[in-house]
Amino acid sequence: MNIYKSIPTPPNPDDMKPQGPVKLFDDLYFIGNKVVGSWVIPTSEGIVLIEASAEADHWEKVLKPGLDEIGLGSEKILALLLTHGHMDHYGGSDHIMRATGCDVCLSAVDAVYMNTRKKNIRTNKESGVSAPMITRIIAPGDELVFGDHVISVLDGAGHSPGCLNYSMEVHDNGEPHRFIMMGGYGVFGTFEWEDVQTSVMYALKFASTCVNAWEYAKAHNCDIFFNPHPHLCNMYQTAEENKNRKPGDPNAFVIGRDGVRQWIMERFDACMASVVEFSDIRKPFVEE
Ligand SMILES: [Zn+2]
């Protein structure tokens, strides 16, 4: 993978087939396909979800059957946290909310953005999905308490104007570790913003977000890195490595501070490369 790539190449259609639930930690699962899905956090009070996949019927077709399969089907769903207002993250929100009565949480900025954004991953017409109802506004700095788990909400702006990062302690055979999940991967440039100046501004904003994420990861000893998209953090490959684990072997998702630094640095470099790519300052001026 080209580390300077800001936006991933479109996924293979085969990667969009449901994969069945994957257990990552004692208290973290993923249910979806190789590109999109929901992160499932069982707490002492019920389940918290991060992300709602791309499809409107994600709940009934993939998520609920997956929860049944891992024995969590009758647990209360406490909340659905969204990282940002792009369709491939919120697609299943409305069905999840209607089926479970859970809160749907997002930043105020992206709650507005997703309703006003001109270009989304797919149009509402193509997908049958429109921007979902947000029942709880959350903001960077919030510490969301769900039973015995606390999810820290961090600023992830740049990929979208109000994108959020999340961090939480998870456990591996009882041993605590901490992940940082960066909500965004790169910046869309003029595809999204149409003018050069706004595109450059958001690329710089995301680079600055990477710096904040790294400061946070250092201060809180994050030793796991996630992107909401499994294919953008090697989630299925790493889960595969864990299948051959013997008692006492480390969990392959635990990559240490330097591993986390590597992922964040790649995103930083990609954003800085985007700043140069989007700008026309370096191109020779030709009078028209
Ligand atoms: Zn996005």
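What counts as what
Residues numbered from 1 in each chain as written. Predicted model: local features only at pLDDT ≥ 70, side-chain atom pairs only at ≥ 80, totals over all residues. Heavy atoms only, no water. Helix = DSSP H or I, 4+ residues; strand = E, 2+ residues; numbered from the N terminus. Buried < 20%, exposed > 50% of the residue type's maximum accessible area, 1.4 Å probe, protein only. Contact = heavy atoms within 4.5 Å. Areas by Shrake-Rupley, 256 points an atom, 1.4 Å probe, with all protein chains shown as cover. Lys, Arg positive; Asp, Glu negative; His and termini not counted. Charge placed at Lys NZ, Arg CZ, Asp CG, Glu CD. Core = buried A, V, L, I, M, F, W, Y, C linked by side-chain atoms within 4.5 Å. Polar contact = N/O pair within 3.5 Å; in protein donor to acceptor, adjacent residues only side chain to side chain. Donors = N, O, S within 2.8 Å, 3.2 Å for Na, K, Ca; no water. Axes fitted to C-alpha atoms, helices over the stretch in contact; angles between N-to-C directions. Parallel < 35°, antiparallel > 145°, perpendicular 65-115°, else oblique. Left-handed = near helix turned anticlockwise from the far one by under 90°. Nonpolar A, V, L, I, M, F, W, Y, C, P; charged D, E, K, R; others polar. Pairing = 2+ DSSP bridges. Salt bridge = Lys/Arg side-chain N within 4 Å of Asp/Glu carboxyl O.

### Observations concerning the overall build of the protein
Working step 1: The secondary structure content of the protein amounts to nine helices and 12 strands.
Working step 2: Relative to its 288 residues, the protein shows a buried fraction of 52%.
Working step 3: Pairs at least 24 apart in sequence give 68% of the contacts found in the protein among residues at least 6 apart.
Working step 4: When the accessible surface of the protein is totalled, it reaches about 13,400 Å², and 52% of it is carbon and sulfur.
Working step 5: Charged side chains of the protein number 25 positive and 39 negative; the gap between the two group centres comes to 3 Å.

### Topic: the nonpolar core
Working step 1: Within the largest apolar cluster, 51 residues are counted, with the highest numbers of intra-cluster contacts made by L24, W39, L81 and F226.
Working step 2: The greatest single-element share of this core, amounting to nine residues, is contributed by helix α7 (residues 196–219).
Working step 3: Other than its neighbours up to four places away in sequence, F226 contacts L24, F25, L28, W39, F179, I180, M181, M182, C233 and F253.
Working step 4: Grouped together as the second largest cluster of nonpolar side chains are 27 residues, I31, L49, V62 and M87 included.

### Comments concerning the side chain of E51
Working step 1: Relative to the helices and strands, E51 resides in the loop between β4 (47–50) and α1 (58–69).
Working step 2: For E51, a relative accessible area of 1% translates into the label buried.
Working step 3: A distance of 2.6 Å separates polar atoms of two side chains, one belonging to E51 and the other to T83.
Working step 4: Setting aside its immediate chain neighbours within four residues, E51 contacts G37, S38, W39, L80, L81, L82, T83, H89 and P228.

### Topic: unusual backbone geometry
Working step 1: In this structure, E51 is a non-glycine residue whose phi angle is positive, near 80°.
Working step 2: Although it is not a glycine, S53 sits at a positive phi angle of roughly 65°.

### Re the coordination of the zinc ion
Working step 1: The coordination sphere of the zinc ion, as far as protein atoms go, consists of H84 (NE2), H86 (ND1) and H159 (NE2), spread over 2.1 Å.
Working step 2: Taken in chain order, the donor set of the zinc ion reads H-x1-H-x72-H. In terms of burial, H84 and H86 fall into one category: buried.

### Concerning the packing of α7 against helix α9 (residues 256–278)
Working step 1: Interaxial distance between α7 and α9 falls to 8 Å at its minimum, and their mutual angle equals 165°. With respect to their mutual orientation, α7 and α9 come out roughly antiparallel. Crossing of α7 against α9: the hand is left-handed.
Working step 2: In terms of residue class, the contact of α7 with α9 is built from 18 nonpolar, two polar and four charged.

### What about the sheet that holds strand β10 (residues 164–172)?
Working step 1: Ordered by their spatial adjacency, five strands build an open sheet running β8-β9-β10-β11-β12, and the pairing between neighbours is mixed. Each edge of the sheet is formed by a strand with only one pairing partner; in this case those strands are β8 (143–146) and β12 (224–226). Strand-to-strand twist in this sheet, taken as the mean axis angle between neighbours without regard to direction, amounts to 25°.
Working step 2: Looking at chain direction, β10 and strand β11 (residues 175–181) are connected through seven bridges and run antiparallel.

### Concerning the pairing of β4
Strand residues, when the strand is regular, have side chains that alternate between the two faces of the sheet.
Working step 1: The side-chain alternation of β4 yields two buried faces, one formed by I47 and L49 and the other by V48 and I50.
Working step 2: Where strand β3 (residues 37–42) lies against β4, four bridges are found, and the strand directions are antiparallel. In the strand pairing of β4, V40 is matched with L49.
Working step 3: Here β3 folds back onto β4, and the loop between the two strands holds four residues, one of which, G46, carries a positive phi near 145°.

### Observations concerning the pattern of salt bridges
For side chains of opposite charge, pairing can occur when their charged atoms come near one another.
Working step 1: On inspection of all chains with the given rule, the structure shows seven salt bridges.
Working step 2: Across the pair D14 and K17 runs a salt bridge, and its minimum N-O distance is 3.0 Å.
Working step 3: When its relative accessible area of 46% is taken as the criterion, D14 is described as partly exposed.
Working step 4: Among the ionic pairs, D68 bridges to K64, the shortest N-O distance being 2.9 Å. Of the two residues, D68 and K64 both sit in helix α1, four residues apart, roughly one turn of that helix.
Working step 5: We classify D68 as partly exposed; its relative accessible area is 42%.

### Quick look at the side chain of T43
Working step 1: Structurally, the position occupied by T43 is in the loop between β3 and β4.
Working step 2: The exposure class of T43 is buried, given its relative accessible area of 9%.
Working step 3: Within the local environment of T43, its side chain forms a polar contact with the backbone oxygen of G46, the two atoms lying 2.7 Å apart.
Working step 4: Setting aside chain neighbours within four positions, we find T43 in contact with V48, L78, F146, G147, D148 and H149.

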